[in-house]
Structures are given as structure tokens and as C-alpha cells.
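So you can see what is in the structure, the chains are spelled out below.
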Amino acid sequence: MNTGPARGMRDFLPEDVRRRQYVIGVIADVYQRYGFEPLETPAVENLETLQGKYGEEGDRLIFKILKRGEGAETGQADLALRYDLTVPLARVVAEYRARLPKFFKRYQVQPVWRADRPQKGRFREFYQCDVDAIGSRSMVVEAELLAAAADVFLELGFADFRIVVNHRGLLNAILSQAGVAGDDRGAALVIMDKLDKIGANGVREEMRAKGFRDEVAGTLLSQLGAEAPADWLERPGDGLNEEGRAAMQELRGIFSLSKGTSAGPHLDLDRALARGLSYYTGSIFEVRVPDLAGSLGGGGRYDNLIGMFSGDSVPACGISLGLERILVVMGERNMFPPALLATPADVMVAVWNEGQIADLLSLAATLRSAGLRVEMYPEADKIGKQFKYASARNIPFVAVIGDEELANGTVAVKNMKTGEQAAHARAAVAAHIKSVISG
RNA sequence: GUGAGUGUAGCUCAGGGGUAGAGCUCCGGACUGUGGCUCCGGCUGUCGCGGGUUCGAAUCCCGUCACUCACCCCA
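Residues numbered from 1 in each chain as written. Chains lettered and ligands numbered in written order. Predicted model: local features only at pLDDT ≥ 70, side-chain atom pairs only at ≥ 80, totals over all residues. Heavy atoms only, no water.

Focus on the pattern of salt bridges
Keep this limit in mind: By salt bridge we mean one thing: a side-chain nitrogen of Lys or Arg within 4 Å of a carboxyl oxygen of Asp or Glu. Helix numbering and strand numbering both begin at the N terminus, where a helix is a DSSP run of H or I of at least 4 residues and a strand a DSSP run of E of at least 2. Each residue's exposure class comes from its accessible area (1.4 Å probe, protein chains only) as a fraction of the maximum for that residue type: buried when under 20%, exposed when over 50%, partly exposed otherwise.
In total, this model carries 28 salt bridges according to the counting rule given. Between Lys194 and Glu206 there is a salt bridge, with the nearest N and O atoms lying 2.7 Å from each other. Within this pair, whereas Lys194 is found in the loop between α8 (182-193) and α9 (195-209), its partner Glu206 is found in helix α9, the two being separated by twelve residues in sequence. By relative accessible area, Lys194 is classed as partly exposed at 26%. Lys385 is the salt-bridge partner of Asp381, the closest N and O atoms lying 4.0 Å from each other. Three or more residues are tied together by salt bridges with common partners; here these are Arg137, Glu142, Arg301 and Asp303.

Some words on the sheet that holds strand β12 (residues 347-349)
To keep it simple, the criterion reads: A pair of strands counts as paired when DSSP detects no fewer than two bridges linking them. Think of each axis as a best-fit line through the C-alpha atoms, taken over the contacting stretch in the case of a helix, with angles from 0 to 180 degrees between the N-to-C directions.
Here five strands make up an open sheet; going across it, the order is β13-β12-β14-β15-β16 and the pairing mixed. With partners counted over all chains shown, the strands left at the sheet margins are β13 (374-376) and β16 (421-425), one partner each. In this sheet, neighbouring strand axes are inclined to one another by 30° on average, regardless of whether the strands run parallel or antiparallel. Two strands pair when backbone bridges link them, and β12 and β13 are joined in this way by three bridges, in the parallel orientation. Looking at β13, one finds that Met348 is bridged to Glu375.

Observations regarding the pairing of strand β11 (residues 316-322)
Within β11, seven of the seven residues are buried, which leaves the element mostly enclosed by the surrounding structure. Direction of pairing for strand β6 (residues 125-134) relative to β11: antiparallel, over a ladder of seven bridges. Across the sheet, residue Ala133 finds its bridge partner in β11, namely Cys317. Bridging between strand β10 (residues 297-301) and β11 involves five bridges; their strand directions are antiparallel. Along β11, the bridge assignment pairs Arg301 with Cys317.

What about the domain arrangement of chain A?
The condition that has to hold: Either an automatic procedure or a domain database provided the assignment from which the domain bounds are taken.
Domain boundaries assigned for chain A yield domain 1 (14-338) and domain 2 (343-437). Relative to domain 2, the C-alpha centre of domain 1 lies at a distance of 52 Å.

Some remarks on the packing of aromatic side chains
To keep things clear, this is the line we draw: Here is the rule: rings of Phe, Tyr and Trp (six-membered ring for Trp) pair when centre to centre is within 6.5 Å. Planes less than 30 degrees apart are stacked, more than 60 are edge-to-face, and the remainder are tilted. Over a ring means this: the NZ of a Lys or the CZ of an Arg is within 6 Å of the ring centre and within 35 degrees of the ring normal.
Counted by the stated rule, this structure contains ten aromatic pairs. A ring pair is formed by Tyr279 and Tyr280, whose centres lie 5.1 Å apart and whose planes are at 70°; its orientation type is edge-to-face. Like Tyr279, the residue Tyr280 is buried in the burial classification. The rings of Tyr54, Tyr83, Tyr279, Tyr280 and Tyr302 are connected pair by pair, giving a single aromatic cluster. It is Arg20 that lies over the ring of Phe12; its NZ or CZ is 3.7 Å from the centre.

Some remarks on the environment of Arg275
Here is the rule we go by: Residues count as neighbours in contact if any of their non-hydrogen atoms are within 4.5 Å of one another. Here a polar contact is recorded for every N or O atom pair within 3.5 Å, except that within protein the pair must consist of a potential hydrogen donor and a potential acceptor, and residues adjacent in sequence are included only if both atoms are side-chain atoms.
Position of Arg275 relative to the elements: it lies in the loop between β8 (267-269) and β9 (283-288). Along the primary structure Arg275 and Gly186 are separated by 89 residues, whereas in three dimensions their C-alpha atoms are 9.6 Å apart. For Arg275, the contacting residues outside a window of four places in its chain are Arg168, Asp193, Tyr280, Ile284, Phe285, Glu286, Gly298 and Gly299. Reaching out from Arg275, the side chain makes a polar contact with the side chain of Glu286 at a distance of 2.7 Å.

Observations regarding the nonpolar core
In plain terms, the rule: For our purposes a nonpolar core is just a set of buried Ala, Val, Leu, Ile, Met, Phe, Trp, Tyr and Cys residues, chained together by side-chain atoms within 4.5 Å.
Core analysis: the largest hydrophobic core is formed by 101 residues, its most contacted members being Tyr31, Phe158 and Met207. Per-element accounting of this core gives the leading share, eleven residues, to helix α6 (residues 139-156). Dropping the residues within four chain positions of it, Met207 is found in contact with Ala188, Ile191, Met192, Phe212, Val216, Ala217 and Leu220. Of all hydrophobic cores here, the second largest spans 29 residues; its members include Ala350, Val400, Ala412 and Val429.

Some thoughts on the side chain of Asp84
Here is the rule we go by: By the counting rule applied here, Lys and Arg register as positive and Asp and Glu as negative, while His and the ends of each chain are not counted.
Along the polypeptide, Asp84 turns up in the loop between β4 (77-81) and α5 (86-96). Look at Asp84: it is buried, it has no salt bridge, and the nearest opposite charge is Arg114 at 5.3 Å. A polar side-chain atom of Asp84 sits 3.3 Å from the main-chain amide nitrogen of Thr86. Residue contacts for Asp84: discarding those within four places in its chain leaves Tyr54, Val112, Arg114, Gln128 and Tyr279.

Comments concerning the packing of helix α1 (residues 14-33) against helix α13 (residues 323-332)
Using the following cut-off: Oblique is the label for any angle not under 35 degrees, not over 145, and not in the 65 to 115 range, which are roughly parallel, roughly antiparallel and roughly perpendicular in turn. Each crossing gets its hand from how the near helix is turned against the far one by less than a right angle, where anticlockwise is left-handed and clockwise is right-handed. Gly falls in the polar group here, along with every residue not listed as nonpolar (Ala, Val, Leu, Ile, Met, Phe, Trp, Tyr, Cys, Pro) or charged (Asp, Glu, Lys, Arg).
The contact between α1 and α13 brings their axes to 11 Å, and the two run at 115°. Classified by the interaxial angle, the pair formed by α1 and α13 is roughly perpendicular. In this structure, α1 crosses over α13, and the sense of that crossing is right-handed. Here Arg19, Arg20, Tyr22, Val23 and Ile24 of α1 come into contact with α13, specifically with Leu323, Glu324, Ile326, Leu327 and Met330. Grouping the constituent residues of the contact of α1 with α13 by class yields seven nonpolar, no polar and three charged.

Okay, structure coming up:
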């Protein structure tokens, strides 16, 4: 019997969970500082809720759930595991619009599922940490989201992250200029997005392979490929259509509003950034560090997604951080605080003989009500083995009531780090341990 | 969906046609009121699975599955 978890899924042992909870704690804390409220939604959505929101590739990767009953034979699916947290949010906003504040700001940390092939930093079940702001078209939203994301990475100890920004409107304008029509735009964008990986020649080849004329690649590369001059954004945007000039105006807004925020020093404009999800309509972002090929997070504006559920257009913008990728990089770089290797208990109560156990449980209860974490050794055993066990578990104190202590009403407390051992009155044990722990 | 690499003890891995190995873990002992260090002893295997070649396969060949990495795409 294979005892491993299913492909792309993972078990989290206590040490893993501590690390995950630490990072999630930092993220939730920062988001709350910006006034975002928590939201949770079901793991399972109606299939039709998810389909057609992510683009062709995304649809293919949705984990579907067979219809119960006869559907199990026909292979028909009517439910699916959620693919991201953004579409469920859009559904929630469409459903509860009247009850939610005019500017709904929510954060959400939950697992999502994708049926693709696992590799480094990529799993079939993984946590996303989303923040989104609903209801405003102002670039203040973008600036605050980027600042919150930057705060998260700074607080976790990252110094070298970059937040890359671009705009779908700008990309659309440039594609129009190059004469790329609606259906081909996705494919062209995906290729342009790889510019920094495969270079200009790689882009030319791949565009040719996908059936684009060489002039198209040429126009796109001349617009997107060359290093943007530092003042590119300040230029009038000649040659761009109206959509493109509006996009430039929004990008200017994001950069100028971010000047005084924590995101400011980490922002880069990358006119070739495209992002795959089809629901983005305006600004788009991606968080990168040099040691990971993929991104640590991404997001953007999706002003039409909620309208796909409710009919009326509600502006929205958000960022999603990938918990697993953050953990992968933090692990490789040894960025976790040493306190996370903390011990499971402050003191272990050893069992001298079986008949004592009821009394030892009451000693443990006393220590616990004094605020200590207490592990009870569950059975009478050789005392040496009990010490060895405490030592292996990194528990800093062991309390023993042997024959001698029983006779004079004391508790022997051994400090496992220094090896010192002393007898204490029962009532004084907790105070002694606490004073040593707090240094 | 495509490609590459790796599957040997609970874990990390060596062995590349001739009896299945090491380190760590675990268990016992030296040390029956005390862990870490040391020393001694011990347990554990369909060598991923199926087929083929061979007198003989963990080893060579074919297939298959799993994992890892890369591509695609993405957090």
C-alpha cells in the first residue's frame, strides 16, 4: 500500500505547520492593518461558476467532481474544486452586494486546487493569500494593495523582491498597433511575456511558429522589447490609441501614488508583462525574487468579472500571494525565526511508578493553570528513557516525584539544558520554571 | 499534454551480472534515581511493479507505475 499523499498534495508535519502558520499570521496581520476583512468560501463551487473565467488553459486545469448517481458512470461533472479565490469572491460580491460595504475590502487565505503537473514550488493543492478591494476605479486601490503586499514581504524578511507592474490596456493598444486581432491576442501576449526568458530572437521564432507575420513580432518587440527609458511613462504616448493613453495615465497614477509607500522602492514597469488569466482588464502585477523561476504572487484589476455574475459592472482589483512559493524560498534561504523550532512543551512530568499517575496529572494541571505547556509522560517507564525522550523532544524541564520527593513533599525539577536539578516545594515549581524560561 | 533524471532498510544513500550494504533512526545493554557524548549488541528489505536476455539479474533490455526537475501554463 502506498502511504504517500496523492500526487501534488502534501502532508504537513508539526514543524511544517508552524512555519505555515507563522507566514499566514504575518500576512493576515498586515492585511488587517489596511482594513481588509476576512472571508471564507467553500472548497467546492458549481462547475459553471468557474468555467470560462480563466481562459482555455485554466479551464483545462479545473479539478472536476463527478455528478453523483448516474453521473458517476457517464463521467458528467457538475461541481469543481475552486481554482482560485478571485472568482469565488466575485460570486460572493454578486450574491451579497446589498449587505457588503460600498468599498468591500477582503482578505482570504485558503487552499485552491489545480490539476496540473507538480514541480518546484507548484502543487495541485496550494494556499493562496488574496487581498482584493471592490467598488472603486481609483488607482489608490492599486497603490494600497501594492503597499500591503510589499509590507508582507518586508516583514517576512525579503529585501530583494520586485513588484512588476503593467496594464492590459497598454498591451491591447500595442496589439492593435501591430495589427493583432482579438482571438490571437492571448497567444501573442503569452509569447511576449517570455521575452526576458527567451530573448528577442526566441520571441521572433515562437511567433513565427504560431503563425504570426514577422512584421507583427517586429512591431511588438519595438514597442515592448527595448528597455523603456526612465521617463517613458512621462511621454505623451504618441502612436497609441485612446485605450493605451488611458492605461499610461493609470500607470502614472500607480507609480506616483506609490512614491511614499513601502512598495515604491520595489516597483518596476515591465511593458511585456502579460499574465495568463483572462479576467484582467486593467493594471496587472507580479511579485518576483531572483531565485525562483515562477512568481511569488500576482494580481490585477478585473472590472468585468463581477458583472459576469450579477450583470452590473463593479470595479475590482486584487493581489494573490502564493504561500507555498514563499515557503519554498524562505526555506531555501533559511529565513524562519529560530523561535519557530520551539519545543512542544515547557516541562515534561515523568512517571516514577504507575500508582502515582493520578497525583501527577493533578501536578500537571497545576502547572498548566500557571500558564505552562505541560507534557505528561503517558506510562511508567525506566526513568532514563523518560529523560531521553524529553531530551529528544527538546523539552527544557523535567519534573520528577520519586520516592525521596514523595517522602518530603517536594518535586525534583531538572533543567535539561544546564543539567542542574533541584527540589522545589510543589507550589513553587511553576514559578521556578517560568523565571528560568523568561530569562 | 511533451521531455529528462531517479526508484535498494523507517530516513539519507552506496553497490552496475555471482550470498543484500553503510550511516542515521529504533530496540537492548555498559549505566536497575537521570538525557545529550562514547562503546557493545540487535531488528527491519517482494532492490517500485511486470515481462525478457542469462546457468545466474538489484545490476543488462523492453514495458509500466511513482517521485523529482524542466517545458506548457501558473501562485
